[in-house]
Amino acid sequence: MNILITGGTGMIGHRLTQLLLQKGHKVAYLSRRKEKTANVEVYQWDIQKGFIEAGALENADYVIHLAGEGIADKRWSDERKQEIINSRIQPIELINKYLQEKNIKLKGFISASAIGYYGGDTGETKLDENSKAGNDFLAKCTKLWESVAQKISSAERIVSIRIGIVLSEKGGALPKLVQPIRFGFGAALGNGKQFMSWIHIDDLCGVFIKAIEDKTMSGAYNAVSPNPVRNEEMTSVAAKVLKKPLWLPNVPSFVLKLVFGEMGIVVTGGNFVLNKRLSQETNFEYKFTNIKEALKDLLG
């Protein structure tokens, strides 16, 4: 298949590209800069100017939409919140407009989404794809993200991948979690009881590849491991894998809220999310279902 990826140079996109190429697919990027990338055709686009280079979508069987500003990169001012929303929505709107104007048909549009759909902190409640959307900023952003993706009428299938906490040594949450542990200052966050619905990056990329290759997949899927863990367990296991002690008390929630403001929900909140549709409707096979094995693979 010919796969066109937005956000292809990011943490997920980079690994996904490697795995797609290994499986014999052809990969191209939509990028703001026309930079040479090994084994990948790069097409330029400018979202603000409404420009997509000719040939990008014309040659694509599937589009994988990963582009978007990092949720936890900056404090959430009203302006920053709008930037986060726009960075996810505007690219889809531009792609949809181009597809309609050029009368291009796709076999599928696979969009990243997030388990933030259910809200930043849902406590002990077990959630699956049929659970209601939350009401906070994360939920509103993600719900809008998915609704705009559903408007792409030129695609035979539309799939939204609700991504959990991605574990990778290349970026995301894990390096931030283990850095203080490496220096002997590791500690659980808040009360440590909040659930972390995690997924190894190779399994996440496997879900995206499955969404391309399995023609029965459509709609939203939770991309999380079958075994969520509490923050204190994640921290403890990481320390054991790194052979480092944990002797500091938990970092209090009020301190995290002072430092991060509203964005603190990303680290103090938790979700127990189930991979119901993947487990019941597909034959997707995880490589890593146990947090210790996942962390040993990434940190060992």
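Right above here is the structure, for reference.
Residues numbered from 1 in each chain as written. Predicted model: local features only at pLDDT ≥ 70, side-chain atom pairs only at ≥ 80, totals over all residues. Heavy atoms only, no water.

*Asks:* Honestly, the packing of helix α4 (residues 173-182) against helix α10 (residues 291-299) in this entry has me stumped. Any pointers?
*Replies:* Helix-helix packing: each pair is described by the crossing angle between the helix axes and the interaxial distance. Following both chains from N to C, one finds α4 and α10 inclined at 80°, their axes separated by 13 Å at the closest point. In terms of axis orientation, α4 runs roughly perpendicular to α10. Judged by residue contacts, L174, V178 and R182 of α4 engage L295, L298 and L299 from α10. For the contact of α4 with α10, the per-class residue count stands at five nonpolar, no polar and one charged. (Axes fitted to C-alpha atoms, helices over the stretch in contact; angles between N-to-C directions. Helix = DSSP H or I, 4+ residues; strand = E, 2+ residues; numbered from the N terminus. Parallel < 35°, antiparallel > 145°, perpendicular 65-115°, else oblique. Contact = heavy atoms within 4.5 Å. Nonpolar A, V, L, I, M, F, W, Y, C, P; charged D, E, K, R; others polar.)

*Asks:* When you look at the packing of α4 against helix α6 (residues 231-242) in this model, what are you seeing that I'm missing?
*Replies:* Interhelical geometry of α4 versus α6 gives an angle of 55° and a closest axis separation of 10 Å. With respect to each other, α4 and α6 are oriented oblique. The two elements α4 and α6 meet at a crossing, and its hand is right-handed. Across from L177, V178, I181 and R182 in α4, the residues of α6 making contact are M234, T235, A238, A239 and L242. Of the residues assigned to the contact of α4 with α6, the class counts are seven nonpolar, one polar and one charged. (Left-handed = near helix turned anticlockwise from the far one by under 90°.)

*Asks:* What is the right way to read the sheet that holds strand β12 (residues 198-200) from this model?
*Replies:* Strand order in the open sheet made by the three strands is β10-β9-β12, with mixed pairing throughout. Of all the strands in the sheet, the pair left with one neighbour each is β10 (171-172) and β12. Examined bridge by bridge, strand β9 (residues 165-168) and β12 share three bridges and lie parallel to one another. Bridge pairing in β12 links V166 to I199. (Pairing = 2+ DSSP bridges.)

*Asks:* Would you take a moment to explain unusual backbone geometry for this structure?
*Replies:* A negative phi angle is the norm for most residues apart from glycine, just as the trans form is the norm for most peptide bonds. Not every positive phi belongs to a glycine, and N39 is a case in point at roughly 65°. Along the chain, N39 falls in the loop between β2 (26-31) and β3 (40-46). For N39, a relative accessible area of 66% puts it in the exposed group. With a phi angle near 55°, N103 is a residue other than glycine that sits in the positive phi range. Among the structural elements, N103 can be located in the loop between α2 (78-102) and β6 (108-114). Exposure remark for N103: the relative accessible area of 60% places this residue in the exposed category. (Buried < 20%, exposed > 50% of the residue type's maximum accessible area, 1.4 Å probe, protein only.)

*Asks:* How should I be thinking about the pattern of salt bridges in this particular structure?
*Replies:* Two side chains that carry opposite charge are able to pair once their charged atoms sit near each other. Counting across every chain of the model gives 13 salt bridges. K34 serves as the salt-bridge partner of E53, at 2.9 Å between the closest nitrogen and oxygen. With E53 in the loop between β4 (51-52) and β5 (62-65) and K34 in the loop between β2 and β3, this pair connects stretches of sequence that are 19 residues apart. You can call E53 partly exposed: its relative accessible area is 21%. Residues K210 and D214 are paired through a salt bridge, measuring 3.7 Å at the closest nitrogen-oxygen approach. The exposure class of D214 is buried, given its relative accessible area of 13%. Salt bridges sharing partners connect three or more residues here, namely E69, R80 and E83. (Salt bridge = Lys/Arg side-chain N within 4 Å of Asp/Glu carboxyl O.)

*Asks:* I keep staring at the pairing of β6 and nothing clicks. Help me out?
*Replies:* On any regular strand, side chains alternate: one points to one face of the sheet, the next to the other face. The buried fraction of β6 amounts to seven of the seven residues, a majority that puts the element mostly inside the structure. Residues G108, I110, A112 and A114 of β6 are buried on one face, and the alternating residues F109, S111 and S113, pointing to the opposite face, are buried as well. Pairing of β5 with β6, which is carried by four bridges, proceeds in the parallel orientation. Within β6, the position partnered with Y62 by the bridge is G108. Tracing the backbone out of β5, into α2 and back to the parallel element β6 gives a crossover that is right-handed. Bridge analysis of β6 against strand β8 (residues 158-163) gives six bridges, and the strand direction is parallel. Bridging across to β8, A114 finds its partner in I163. (Right-handed = clockwise from strand over helix to strand, strands pointing away.)

*Asks:* Explain the sheet that holds β3 to me, please; I cannot follow it from the model alone.
*Replies:* The strands making up a sheet associate through backbone hydrogen bonding, with each pair oriented either parallel or antiparallel. Taken together, the eight strands give an open sheet; going across it, the order is β4-β3-β2-β1-β5-β6-β8-β13, and neighbouring strands pair in mixed fashion. If you trace the sheet from one side to the other, it starts and ends with β4 and β13 (219-223), each paired once. Here five bridges tie β8 to β13, and the two strands are oriented parallel to one another. Along β13, the bridge assignment pairs I161 with Y221. Sheet strands touched by helix α3 (residues 137-149): β5, β6, β8 and β13. Its angle to β6, the strand with the most contacts, is close to 175°. Against the sheet, helix α5 (residues 201-213) contacts β1 (2-6), β5, β6, β8 and β13, and its axis sits at roughly 170° relative to β8.

*Asks:* Is there a simple way to think about the side chain of D214 in this case?
*Replies:* Along the chain, D214 turns up in the loop between α5 and β13. Contact partners of D214, with chain neighbours within four places excluded, come to R157 and T282.

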